[in-house]
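If you want the building blocks of each chain, they are given just below.
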Amino acid sequence: MKTKILFLSIFLLACLLGQGQIKVATVLGDNMVLQRNTEVKIWGKAKPGEKLTVKAGWVAGQANTTTNDKGDWIVKLKTTNAGGPYTITIGSPKEKVQLKNILLGEVWLCSGQSNMEMPMAGYGDSPINGSNDLLLDADNDQIRLYNVTKAISAVPVDTCTGKWSAATAETASGFSAVGYLYARLLQQRLKVPVGVISSDWGGSAIEAWMSHETILPFTEAYARTTQAKSAVNQRASNLYNGMISPIINYTIKGAIWYQGESNIGNYKDYVALQAAMVANWRKDFGVGEFPFYFVQIAPYVYGNSKAINSALQRDEQFKSVSQISNSGMASTIDIVEEKNIHPAEKLVVAKRLALWAFAETYGIKGIMYKSPAFSKMVVKDTLAVLSFDNVASGLSTFGKEVNCFEIAGPDSIFYPAKLAIKAKQANVWSPKVKTPVAVRYAFSNFPVTSGYLYNTAGLPVPSFRTDNWGK
């Protein structure tokens, strides 16, 4: 019996020794992209009091650190211009761990609910337009993908599940379509490696992506999302704790966000919630006011096409741009499907987000990237003359009839309105309204129209209203 116990003890000891003492953070790994020309963190766990060295292939010398009493360790490394592949070696007197095939380039976080999570392969009865053609030439070692596996937690955790992979038809097909296509556009234009971290969950509420300290002051939102009946992906802080907290040491360039459908019922506090979430993330990632580009939700029936719940939420999202520094919004008003909440034109979404990044983050001149924004209304007899910002070359309907304008007089009753474009202005009128007081454009859950209003760059005017009547 003693002999058996001795052999078992030796076997267990050998297994423990074979597992190694040095552990790197779960979001770090072979094939990753680290942000170029900045300072990045490499971190993990080892024995308490262990002396470690960290050597990166792109710089001379090494960084030294000693684990704390919990075994945690972290070092900061300066990165250089885009390039690679490189190796990072973490060593102790008894052990070495290597991270291989690492590139330096641009790193973006993409997050949100199902329209961000939606993979290139699509969902059942919800395709991605052109996905197969896009996947045919997806093989690109300069694009690296990391998908954070869905996880919830009542408290912040420091581990997640995922794996860095080079883009191929196989890896891209299961990855966020908006995230992958955004990375693809950036890589094609910037000619540097691009890494994308996808952390998203369909049906999630914005409250779930905020830390406990951040959501707590929003008493109504907190109470609403901490009820026993709250879905796990809508419960306050659940997804921040399980899917953002583990990656906050990872240096990113910026974030793209596609969420809002699950918050239509409480649209009134969405501006403040989104601004607070962005401030929360910026503080925790510790890389300054990184760019935050988000998607305005598309129209959808939501049980009643003529109701305005969705339009009210879109209106709040539009207001967020002025409340969040270094942010931008991509409108999807024109890529709609009445009975499908997941529009198929994800390449259009990615392009509109990328235009913001090219112009604002990477300083590319000469491109239009902002949607036209309603600025003022002047009444001239029976005409409502509307002016817009971001229409340098004027407005256009691209030859289609736009029949989603409405106009109201002093009685507050809206009637379908006619449209005539005069260069950078839009004239709106109706025979039934002699004295215009208010105008609405595409301001319903799902506006029925043949066409939309754009600037000449093809960027759509988001839905808007000049009144504040009702909700």
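See the structure printed just above.
Okay, so let's go over this structure.

About the criteria used
Residues numbered from 1 in each chain as written. Predicted model: local features only at pLDDT ≥ 70, side-chain atom pairs only at ≥ 80, totals over all residues. Heavy atoms only, no water. Salt bridge = Lys/Arg side-chain N within 4 Å of Asp/Glu carboxyl O. Helix = DSSP H or I, 4+ residues; strand = E, 2+ residues; numbered from the N terminus. Buried < 20%, exposed > 50% of the residue type's maximum accessible area, 1.4 Å probe, protein only. Phe/Tyr/Trp six-rings, centres within 6.5 Å; stacked < 30°, edge-to-face > 60°. Contact = heavy atoms within 4.5 Å. Pairing = 2+ DSSP bridges. Expected span 1.5 Å × (residues − 1).

The subject of this paragraph is the pattern of salt bridges. Applying the stated criterion to the full structure yields twelve salt bridges. In this structure, Lys45 and Asp72 form a salt bridge, with 2.4 Å as the shortest nitrogen-oxygen distance. Here Lys45 is found in strand S3 (residues 39-45), whereas its partner Asp72 is found in strand S6 (residues 72-78), with 27 residues between them in sequence. Taking the relative accessible area as the measure of exposure, Asp72 reaches 27% and is therefore partly exposed. The residue Lys319 makes a salt bridge to Glu316 at a minimum N-O spacing of 3.0 Å. Highlighted residues: Lys319 and Glu316, both in helix H10 (residues 309-323), separated by three residues, approximately one helical turn. Each member of the salt-bridge network shares a partner with another, and the members are Lys45, Asp72 and Asp158.

The next subject is the environment of Gly195. Within the element layout of this structure, Gly195 appears in strand S11 (residues 194-200). Each C-alpha atom of the pair Gly195 and Ser331 lies 24 Å from the other, and the pair is 136 residues apart in sequence.

Considering all chains together, one arrives at 21 aromatic pairs under this definition. Taking the centre distance of 5.6 Å and the plane angle of 70° together, the rings of Trp58 and Tyr86 count as edge-to-face. Here Trp58 is found in the loop between strand S4 (51-56) and strand S5 (63-66), whereas its partner Tyr86 is found in strand S7 (residues 83-92), with 28 residues between them in sequence. For Tyr86, a relative accessible area of 21% puts it in the partly exposed group. Taking the centre distance of 6.0 Å and the plane angle of 35° together, the rings of Phe292 and Phe294 count as tilted. Of the residues examined, Phe292 reaches a relative accessible area of 1% and is grouped as buried.

Here the residue pair Gly84 and Pro85 is connected by a cis peptide bond, since its omega of 10° sits within 30 degrees of zero. Note on placement: Pro85 falls in strand S7. The backbone of Asp125 shows a phi angle near 65°, a positive value even though the residue is not glycine. Structurally, Asp125 can be placed in the loop between helix H2 (114-117) and helix H3 (131-136). Residues other than glycine seldom take positive phi values, yet Tyr302 does so here, at roughly 45°. Here Tyr302 shows up in the loop between strand S13 (292-295) and H10.

By the secondary structure assignment, Ser387 is in strand S16 (residues 383-389). On the accessibility criterion, Ser387 (11% relative accessible area) is buried. Apart from the residues within four sequence positions on either side, Ser387 is in contact with Ala373, Phe374, Ser375, Lys376 and Gln425.

Turning to the sheet that holds strand S19 (residues 414-416), a few remarks are in order. Sheets are built from strands paired through backbone hydrogen bonds, the pairs being either parallel or antiparallel. The four strands are arranged S19-S18-S22-S24 in an open sheet whose pairing can be described as antiparallel. In this open sheet, the two edge strands, each paired with only one partner strand, are S19 and strand S24 (464-465). When strand S18 (residues 405-408) meets S19, the two strands line up antiparallel, connected through three bridges. Within S19, the position partnered with Glu406 by the bridge is Pro416.

Here we take up the sheet that holds strand S1 (residues 23-24). With respect to topology, three strands assemble into an open sheet ordered S1-S3-S6, the strand pairing being antiparallel. Every other strand in the sheet has two partners, leaving S1 and S6 as the edge strands with one partner each. Strand direction decides the pairing type here: S1 and S3, joined by two bridges, are antiparallel. Pairing of Val24 across the sheet is with Gly44, part of S3.

Attention now moves to helix H5 (residues 177-190). With 14 residues, H5 ought to run about 20 Å at 1.5 Å a step, and its terminal C-alpha atoms sit 20 Å apart, in line with that. Burial runs high along H5: twelve of the 14 residues are buried. Listed as buried for H5 are Ala177, Val178, Gly179, Tyr180, Leu181, Tyr182, Ala183, Arg184, Leu185, Leu186, Gln187 and Leu190. Just beyond H5, the residue with positive phi is Lys191, at close to 60°.

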